[in-house]
Structure formats: structure tokens, C-alpha cells
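Structural overview for review
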Amino acid sequence: MNQDFTVTPWDVSGTIDYKKLIEDFGTEPIDGELLDRWKRLTGDDLPMALQRKVFFSHRDLKWLLDRYEAGEKFVLYTGRGPSGHTHLGHLMPWMFTKYLQDKFDAPLYFQMTDDEKFLFKQDLSMKEAMSYTYENALDVIALGFDPKKTKIFSDLEYSKTLYRIAMEVAKRVTFSTARAVFGFDNSTNIGMIFITSFQSAPAFLPSVEAGKNIPVLIPQAIDQDPHFRVTRDIAPKLGYYKPAAIHCTFLPSLSGSDKMSASKPESTIYTVDDLKVARKKVLSAFTGGRVSVEEQKKLGGTPSVCAIFQYYYYLFEMDQEKLDQREQKCVRGEIMCGECKQELADRVVKFLEKHQEKREAARDKVQDFIVSDYSAVYDKLKRPQDKKEVAKLMKTMKEYCSVKEGEQISVRKSKEFK
Ligand code: TRP
């Protein structure tokens, strides 16, 4: 991999060359032809994330659209490693996932890998990881996903459902593969070596549940691709479709380099940030502006290195014409950094204020989204309102379980895993 940057599921740093990453990882760029097809298919203007190449790379997206056009609906699968509060960088792919759910009427499986974060972070307790699952789920729900089509689960709480699929995967991944893909060494704890199997499981769960192959699309930040390379290699061996993937870039940090990251709280905006604190973070961002107003007017600014401009680009200026005007004004020295920052700070604060309201309201909705093994069958029963489906599930429940709500479930036979 290029010496100037690193992209792995656990370490993203340096100035990332995304073109190089496509080559290194062996993914496909999202090209004009694919975008035209997307436009034709959705009958709409492209969403900002595709227009601006925030989502820039994919695996098997053409195949997925072929299946879709042939009448096979796909399921979305994405996730989050709950090691702390959600920041704006996390929201980017989730917002796009929401767009996908709406556009393609697709169910969403959302995995919280609290097990992974517990294993990876020395100082993170299991309890903390699980509480971040809850906190992060509030942010997911706040984005407006449809409760009837969305399941959010914690690995630690949904392990019974996922375990058998994970085992099928684990049996087919050697240590040598894991080491080559992730760079593990003798000091890596053995939990981490297994974790890709668990992250693979939700890609097959829709097929397991349906009893037939279901196409799956995984929207993800590009750092997760190594996991799913392994998943895709294993899929045919288990008789499943390879999951398709669509990859996004990282939201840069407010300090002007690297991605927005939990290890740099002063240049990262969290969804739970106090509004005054968030404003201050924006106002102290790196712009690369000139040393004096005179110089700025004479020489102009450099939007390509300016963190503030990146924020407009990624999240806070939907209107392409206005974005272009801002860029030109900056280059010509017609707008000063202070003004640009103030405007962005206002937008960020307004966004956060609304998001925090929805986030609070989400506390009453958590039960509509979270599925767990404690009462997995009841979770399902709560969901479909279709009478026929409820009747079917009741029958399944009688067949498989001998439980009343609140009791532990004992599985008698499992038809779905042969
Ligand atoms: N491991 C991911 C993280 O640390 C979380 C995750 C699980 C995920 N499943 C996913 C992300 C699927 C994208 C798609 O953030």
C-alpha cells in the first residue's frame, strides 16, 4: 500500500489517494455509465453523495441492479463499531443508506459490532460498548429509517442468531488469509481473528431467513472493504450470492487533514455536542487562509485544502451552483475565511439542533428497531402487521420454541441451517 496513507478497518490516516485505493483493493470506480443507469432507474436527479463522488467505488453494483431490474429486491446491510459517540462522518453513509431504503424500498439490517470494539479497544469495557450501541442506535433512528423495514442489532445481544452463520464462515477462513488481509501478528488477540466471520453473518442472514438467495448491498466506508473481501470469497462456498458493496470516502477532520476521528475530539463534531461547543469547533477549523485580509483579497484562498470548504462539499451545501460560486469567490479573494466559517457554523448548529431533537424522540422508538435474541421471535412478531405473516410466525414459534414472552428461548430444531 502507498506509504503516505493507511486504510484498514482499524486505522485510517494520512492523505488518502482514493484512486490508488481502488487499485490496491481491487474495487470498481463508480463511472459515468453506472451513474446514468442509476438516474434512469430511479427517475430522479442523482443524490449529492453520488454526484460528488462521496460514494466513489463499488463491487458488483451492476450485478445488483441487473437483479433489481429482473424483479429481485435487495436488502441493505450496514453497521457501526460502537466505541464512542456518533460524529458527522458516521452520518454520511447512514444518510445515503436512508436514501437507498427510500428509493429501492429496501429492508435494512444494521449491525452494531460492540463485540469487535470491546476486543479492539484496550480500555473499553463490554458494558460501555453496549451502551454506545444504544447511544449510536438513537442517531440511526433519528435519521428517519422505516421501523417496519429496519432491524438494528448488537452482536453481543444477537449472537445466537448470528453465531451459526459466523461459524460456517469461520470454518472456511484460514489464519493465513486473515493475517494477509488484516496484517495480524502474534500479538493480536484471538477474538479479532474471528471478528470478520461475525461481520459477514448479516450479509447472509436475509437469505437464511428467506430460505432462498437474496441480493444484499452493503453501503460502507472504504476501510471496511477488507472484511467483505473475505465475505465475498466465502459466499459461493456456502451457496449464497456475493454481497455487493458501495464505498464512500471519509469526511475530513476540521483540522484539515485525515478523517474526522474520535481520537481528535477538538476537530470532530459529535451529534451530542453542545451547540456552543460545536460552533467553536467550526470557528477554529483549518482553512489554509492567508495571513492577512489584504493578502487574502489579493491572492485568494485555497478551497482544496480548506476544511470548511470540505464540509460544505460533503454535507452542508446541497446546491451545486452555490457551491461553485463559493469556491470561485474564495479563489478570487472575494470572501474571507471568517465569513465562510460563520455561515457553516450556523448551518452545523441548525442541523445539530434538529438532529438532537429527533435523537431524543428516538428513545421512545428504540423497541421498534432493535432485535435481540432474548426474544427474537417476539421481535419478529412485533414487526409485520400483515396477518398472514403473523400467523405463519406464530406457527414457527410453536414449532421451534417453548417460550412465553420474557422467558428464555430454547430452540428445538433449526430448519433454516442445514
Ligand atoms: N466494523 C464496522 C466499524 O467498525 C461496523 C460494521 C459492521 C459495518 N458491519 C458493517 C460497517 C457493515 C459497514 C457495513 O465501523
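Here's what I pulled together on the structure shown here. Every value quoted in this text rests on a predicted model; they were computed, and no experiment measured them.

Looking only at helices and strands, the protein features 19 helices and nine strands. Out of the 418 residues in the protein, the part that is buried amounts to 50%. For the protein, the proportion of contacts with a sequence separation of at least 24, taken over those separated by at least 6, is 75%. By element, 51% of the accessible surface of the protein is carried by carbon and sulfur atoms, the whole surface being about 20,200 Å².

Our next topic: the packing of helix α14 (residues 307–316) against helix α16 (residues 337–362). Between α14 and α16, the shortest axis-to-axis distance is 10 Å and the interhelical angle comes to 35°. In the crossing of α14 with α16, the sense of the turn from one axis to the other is left-handed. Residues Ile308, Tyr311, Tyr312 and Phe316 of α14 pack against Cys340, Lys341, Glu343, Leu344, Arg347, Val348 and Phe351 of α16. Residue classes in the contact of α14 with α16 are distributed as eight nonpolar, no polar and three charged.

Below, the discussion takes up the pairing of strand β2 (residues 11–14). As paired strands, strand β1 (residues 5–8) and β2 are joined by four bridges and run antiparallel to one another. Each bridged residue has a counterpart across the sheet, and for Thr6 the counterpart in β2 is Ser13. In this antiparallel pair of consecutive strands, β1 and β2, the connection spans two residues.

Further remarks concern the sheet that holds strand β9 (residues 244–248). Within the open sheet, the seven strands sit side by side as β3-β4-β9-β8-β5-β6-β7. Their pairing is mixed. Two strands bound the open sheet, and with one partner strand each, they are β3 (28–29) and β7 (150–154). Where strand β5 (residues 75–80) and strand β6 (residues 108–112) come together, five bridges link them in parallel fashion. Each residue of the ladder has a partner; that of Arg80, found in β6, is Met112.

Quick look at the site of the ligand now. Not every one of the 15 residues close to the ligand is listed here, only the nearest: Tyr77, Gln111, Glu116, Gln199 and Gln224. For the ligand, a nitrogen atom lies 3.0 Å from a polar atom in the side chain of Gln111. Glu116 has a polar side-chain atom sitting 2.9 Å from a nitrogen atom of the ligand. Considering the ligand on its own, with 360 Å² of exposed area, one finds that the protein chains cover 92% of that surface. Sorting the residues of the shell around the ligand by element identifies β5, α6 (114–120) and β8 (216–221) as the ones contributing at least two each. In terms of residue count, the dominant contributor to the shell around the ligand is β5 (four residues).

All right, on to the environment of Ile190 then. The topology assignment puts Ile190 in helix α10 (residues 190–210). For the pair Ile190 and Leu119, spaced 71 residues apart in sequence, the C-alpha to C-alpha distance is 9.1 Å.

Here the focus is the environment of Glu295. For Glu295, the location among the structural elements is in helix α13 (residues 293–299). Judged by relative accessible area, Glu295 falls into the partly exposed class, the value being 31%. On a C-alpha basis, the gap between Glu295 and Gly333 in space is 8.5 Å, while along the polypeptide they are 38 residues apart. The contact partners of Glu295, leaving out residues within four places of it in the chain, are Arg290 and Gly300.

Our focus in this paragraph is unusual backbone geometry. Unlike most non-glycine residues, Lys53 shows phi in positive territory, near 60°. Residue position: Lys53 is located in the loop between α3 (48–51) and β4 (55–59). Phi angles above zero are rare outside glycine, and Asp60 is one such case at about 60°. The residue Asp60 is located in the loop between β4 and α4 (61–69) in this model.

This next bit is on the nonpolar core. General note: in soluble globular proteins, nonpolar side chains tend to be found buried as a group. Counting 74 residues, the largest nonpolar core has Val7, Trp38, Leu50 and Leu217 as its most contacted members. Residue contributions to this core peak at eight residues, all from helix α5 (residues 88–104). Setting aside chain neighbours within four positions, we find Leu217 in contact with Leu61, Leu64, Phe74, Val75, Leu76, Tyr77, Leu100, Ala244, Ala245 and Ile246. Within the second largest apolar cluster, 30 residues are counted, among which are Tyr77, Ala178, Val208 and Ala235.

Turning next to the packing of aromatic side chains. Applying the stated rule across the entire model yields 21 aromatic pairs. Here the aromatic rings of Trp94 and Phe110 are separated by 5.4 Å at their centres, their planes lie at 85°, and the arrangement is edge-to-face. With Trp94 in helix α5 and Phe110 in strand β6, this pair connects stretches of sequence that are 16 residues apart. Between Phe316 and Phe351, the aromatic rings sit 6.0 Å apart at their centres with planes inclined by 85°, giving edge-to-face as the arrangement. Placement of the pair is Phe316 in helix α14 and Phe351 in helix α16, with a sequence separation of 35 residues. Note on Phe316: relative accessible area 11%, which makes it buried. Relative accessible area serves as the criterion here: at 24%, Phe351 is assigned to the partly exposed category. One aromatic cluster is present, formed by Trp10, Phe120, Phe182 and Phe184 through successive ring pairs.

One pass over the structure, following the stated rule, counts 23 salt bridges. The salt bridge partner of Glu135 is Arg359, with a shortest N-O separation of 2.8 Å. Pair noted here: Glu135 is in helix α7 (residues 126–142) and Arg359 is in helix α16, with a separation of 224 residues, a long-range link. For the pair Glu135 and Arg359, one class covers both residues: buried. Here the residues in one salt-bridge network are Lys73, Asp105, Asp146 and Lys149, joined through shared partners.

Basis of the calculations
Residues numbered from 1 in each chain as written. Predicted model: local features only at pLDDT ≥ 70, side-chain atom pairs only at ≥ 80, totals over all residues. Heavy atoms only, no water. Helix = DSSP H or I, 4+ residues; strand = E, 2+ residues; numbered from the N terminus. Buried < 20%, exposed > 50% of the residue type's maximum accessible area, 1.4 Å probe, protein only. Contact = heavy atoms within 4.5 Å. Areas by Shrake-Rupley, 256 points an atom, 1.4 Å probe, with all protein chains shown as cover. Axes fitted to C-alpha atoms, helices over the stretch in contact; angles between N-to-C directions. Left-handed = near helix turned anticlockwise from the far one by under 90°. Nonpolar A, V, L, I, M, F, W, Y, C, P; charged D, E, K, R; others polar. Pairing = 2+ DSSP bridges. Near = heavy atom within 4 Å. Polar contact = N/O pair within 3.5 Å; in protein donor to acceptor, adjacent residues only side chain to side chain. Core = buried A, V, L, I, M, F, W, Y, C linked by side-chain atoms within 4.5 Å. Phe/Tyr/Trp six-rings, centres within 6.5 Å; stacked < 30°, edge-to-face > 60°. Salt bridge = Lys/Arg side-chain N within 4 Å of Asp/Glu carboxyl O.

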